[in-house]
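Here is how the chains run, residue by residue.
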Amino acid sequence: MKKMSVYILGGSGYGGGELLRLLSQHPNVETIHAVSRKHAGEPFWKVHPNLRRVVDGVFEAEPDWAAFAQAEHPMMFSAMPHFELARQLLKLEDAWAKHSLSERLALIDLSGDFRLDSAEVFARAYGKPHPYPQALGSFVYGLPEWQKEKIKGARCIASPGCFATAIQLALLPLAGLKDLGFIAVSAATGSSGAGATPSETTHHPTRANDFRAYKVLSHQHEAEITRLLDTEKTSGYSVAFVPHSAPLVRGIFATVQLRPPAALGLNAKTLRKRYEDFYRDAPFVRLVEDTPRVAAVAGSNFCDIAVQEKDGNVVIMAALDNLVKGMAGQAIQNMNIALGFEETAGLCFAGAYPA
Ligand SMILES: NC(=O)c1ccc[n+]([C@@H]2O[C@H](COP(=O)([O-])OP(=O)(O)OC[C@H]3O[C@@H](n4cnc5c(N)ncnc54)[C@H](OP(=O)(O)O)[C@@H]3O)[C@@H](O)[C@H]2O)c1
């Protein structure tokens, strides 16, 4: 059986912790190394206490390229903040070339650096120019339910954003339709979406009993959502996305509302059938009745979706764990598809309920 040797850049963050947790149980993973500048030399469990006696190892200040080059199947995940992989990629490519890793290494990025192909769209979405625009377009966008065929065999994959995953999965079965009109998207996220470094917006006393919108009509994930719709030649639509921060730690709950033209025949029955048919072979999308629940997906790689219609008004709701299907789990799903493993390998488990 093919066994991977994995390096994680940004191993001390929430994404790094989830990668360590999930990859340690993966049947095709042999060794895991993780990099952290602040915690170099410390055992993983010092930062991720849930991993004590489950995942052995210490954080490294930087990858040991010579040792990594000995691996038969080298695999790298980058879970660093936005802009970092793009800033470091030239230097990394140099190191890979020196150690004969360039042709053999598979790379999956969890950040937004390579999700978009156009420097102009990136700068508009992220408010700053891309640090390495020449490399844009060299990563495959890793939303398995959309373009699994492109992910197969890909060497560089950009895993989608957490909001973008929930909202794209809610909309994907409608992509390509004409005249969908105004699409109102409202989505709430837990505080872990902002990463491990504390900030005013993630500090418990200012967040625990609050509910607010942020980046109204200007969230960077909107560019991923409209790119999918445009690629699928959806026409006559506009999206207004309002993100909210909810008093949760893990989880995203997205509500998508639209009033499609009657000519499309999207009533409660046809919509349900459309979503069932579309996601029949998608192992991590579950269609539920009434409403999805964050507590039912937390800790797992599932995205639960419910579709409702009344008097021509359509509501699609999606819930997922931002750290799993919205991040580390989906990155591993991408690894599985890219390298020809079972798509569900290492990911087929329920979350903890109640969350
Ligand atoms: N949180 C989510 O729900 C979520 C969902 C989807 C995607 N993402 C994206 O995934 C990435 C990781 O997110 P996260 O929530 O895990 O972030 P995080 O908790 O803030 O962790 C960031 C990691 O990167 C390292 N790091 C920070 N600055 C660095 C630098 N200049 N050079 C090298 N390493 C650096 C940090 O460790 P040291 O400082 O010790 O080196 C830490 O291990 C981000 O790009 C994020 O946008 C996050």
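Predicted model only: the values in this text are computed from it and were never measured.

Chemist: An account of the overall build of the protein is requested, with residue identities and associated values reported.
Modeler: A count of helices and strands for the protein gives 12 helices and 13 strands. Against the 2.2 N^0.38 benchmark of 20 Å for 355 residues, the protein shows a C-alpha radius of gyration of 20 Å, consistent with a compact globule. Along the longest, intermediate and shortest principal axes, the C-alpha atoms of the protein span 65 × 40 × 40 Å. By residue count, 46% of the 355 residues in the protein fall in the buried class. Residue pairs at least 24 apart in sequence account for 74% of intrachain contacts in the protein once pairs closer than 6 positions are excluded.

Chemist: Could you give me a rundown of the pairing of strand β4 (residues 106-109), with the residues and numbers involved?
Modeler: In β4, alternate side chains face the same way, and those of A106 and I108 on one face and L107 and D109 on the other are all buried. Assessed by its sense of winding, the connection that carries the chain from strand β3 (residues 74-78) through helix α4 (residues 84-98) to β4 is right-handed. Two elements, β4 and strand β6 (residues 156-158), share 3 bridges in a ladder whose sense is parallel. Across the sheet, residue I108 finds its bridge partner in β6, namely I157.

Chemist: Can you break down the site of the ligand residue by residue, with the values?
Modeler: Residues in close proximity to the ligand total 29 residues, the closest being G10, G13, G15, S111 and G195. At the level of secondary structure, the elements contributing two or more residues to the shell around the ligand comprise α1 (14-23) and α12 (324-339). Of the residues contributing to the shell around the ligand, the split by class is 9 nonpolar, 17 polar and 3 charged.

Chemist: Please set out the environment of A175 residue by residue, giving values where relevant.
Modeler: Turning to its location among the elements, A175 is positioned in the loop between α7 (162-171) and β7 (178-189). Residue A175 is classed as partly exposed on the basis of its 18 C-beta neighbours within 10 Å. For A175 and I108, which are 67 residues apart along the polypeptide, the C-alpha to C-alpha distance reads 26 Å.

Chemist: Give a description of the sheet that holds strand β13 (residues 313-320) that names residues and reports values.
Modeler: Read from one edge to the other, the open sheet built from 7 strands follows the order β8-β9-β7-β10-β13-β12-β11, with strand pairing classed as mixed. One side of each edge strand has no neighbouring strand; the edge strands of this open sheet are β8 (212-213) and β11 (285-287). As paired elements, strand β12 (residues 303-310) and β13 share 8 bridges and run antiparallel to each other. Each bridged residue has a counterpart across the sheet, and for I305 the counterpart in β13 is A318. Against the sheet, α7 contacts β7, β9 (235-245), β10 (252-258), β11, β12 and β13, and its axis sits at roughly 40° relative to β10.

Chemist: Please set out α1 residue by residue, giving values where relevant.
Modeler: Counting buried positions along α1 yields 10 of 10 residues, so the element is predominantly enclosed. Along α1, the residues that are buried comprise Y14, G15, G16, G17, E18, L19, L20, R21, L22 and L23. At its buried positions, α1 is contacted by β1 (4-9), β2 (29-35), α2 (44-47), β3 and α12.

Chemist: Residues and numbers for the packing of α7 against α12, please.
Modeler: In contact at an axis separation of 8 Å, α7 and α12 are set at 100° when each is read in the N-to-C sense. When the interaxial angle is binned, α7 and α12 end up roughly perpendicular. Residues C162, T165 and A166 of α7 touch α12, and the partners they reach there are K325, G326, M327 and Q330. Taken together, the residues of the contact of α7 with α12 break down into 3 nonpolar, 3 polar and 1 charged.

Chemist: Describe the environment of D304, and please don't skip the residues or the numbers.
Modeler: Secondary-structure assignment places D304 in strand β12. A count of 24 C-beta atoms within 10 Å places D304 in the buried class. Separated by 135 residues in the primary sequence, D304 and L169 have C-alpha atoms spaced 9.4 Å apart. Those residues within four positions of D304 in sequence are excluded, and the remaining contacts are R286, V288, P292, A296, V297 and A319.

Chemist: Can you lay out the domain arrangement of the protein for me, pointing to particular residues and giving the numbers?
Modeler: According to the domain assignment, the protein consists of domain 1 (4-159 + 325-339) and domain 2 (163-321). The distance between the C-alpha centroids of domain 1 and domain 2 comes to 25 Å. Domain 1 puts 17 residues into the contact, and the matching count from domain 2 is 22 residues. For the side of domain 1 that touches domain 2, the elements supplying multiple residues, two or more each, are α5 (119-126), α6 (144-151) and α12. Counting residues per element, the side of domain 1 that touches domain 2 draws most heavily on α12, which supplies 5 residues. A per-class count over the side of domain 1 that touches domain 2 returns 8 nonpolar, 6 polar and 3 charged.

Chemist: Could you give an account of the nonpolar core, with specific residues and numbers?
Modeler: Within the largest apolar cluster, 97 residues are counted, with the highest numbers of intra-cluster contacts made by I8, A166, I167, A254, I305 and A318. Lining this core are residues from two domains, each supplying at least three of them: domain 1 (4-159 + 325-339) and domain 2 (163-321). Setting aside its immediate chain neighbours within four residues, I167 contacts V185, A187, I225, A254 and V256.

Chemist: Report on the sheet that holds β4, specifying residues and quantitative values.
Modeler: An order of β2-β1-β3-β4-β6-β5 is seen for the 6 strands of this open sheet, with the pairing classed as parallel. Among the strands making up the open sheet, the edge pair consists of β2 and β5 (140-141). Direction of pairing for β1 relative to β3: parallel, over a ladder of 5 bridges. Following the sheet pairing, L9 is matched in β3 by S78. Sheet strands touched by α1: β1, β2 and β3. Its angle to β2, the strand with the most contacts, is close to 165°.

Calculation rules
- Residues numbered from 1 in each chain as written.
- Predicted model: local features only at pLDDT ≥ 70, side-chain atom pairs only at ≥ 80, totals over all residues.
- Helix = DSSP H or I, 4+ residues; strand = E, 2+ residues; numbered from the N terminus.
- Rg over C-alpha atoms; globule rule 2.2 N^0.38 Å.
- Buried ≥ 20, exposed ≤ 12 C-beta atoms within 10 Å, placed from the backbone.
- Contact = placed C-beta atoms within 7 Å.
- Right-handed = clockwise from strand over helix to strand, strands pointing away.
- Pairing = 2+ DSSP bridges.
- Near = placed C-beta within 6 Å.
- Nonpolar A, V, L, I, M, F, W, Y, C, P; charged D, E, K, R; others polar.
- Axes fitted to C-alpha atoms, helices over the stretch in contact; angles between N-to-C directions.
- Parallel < 35°, antiparallel > 145°, perpendicular 65-115°, else oblique.
- Domains from an automatic or database assignment.
- Core = buried A, V, L, I, M, F, W, Y, C linked by C-beta atoms within 7 Å.

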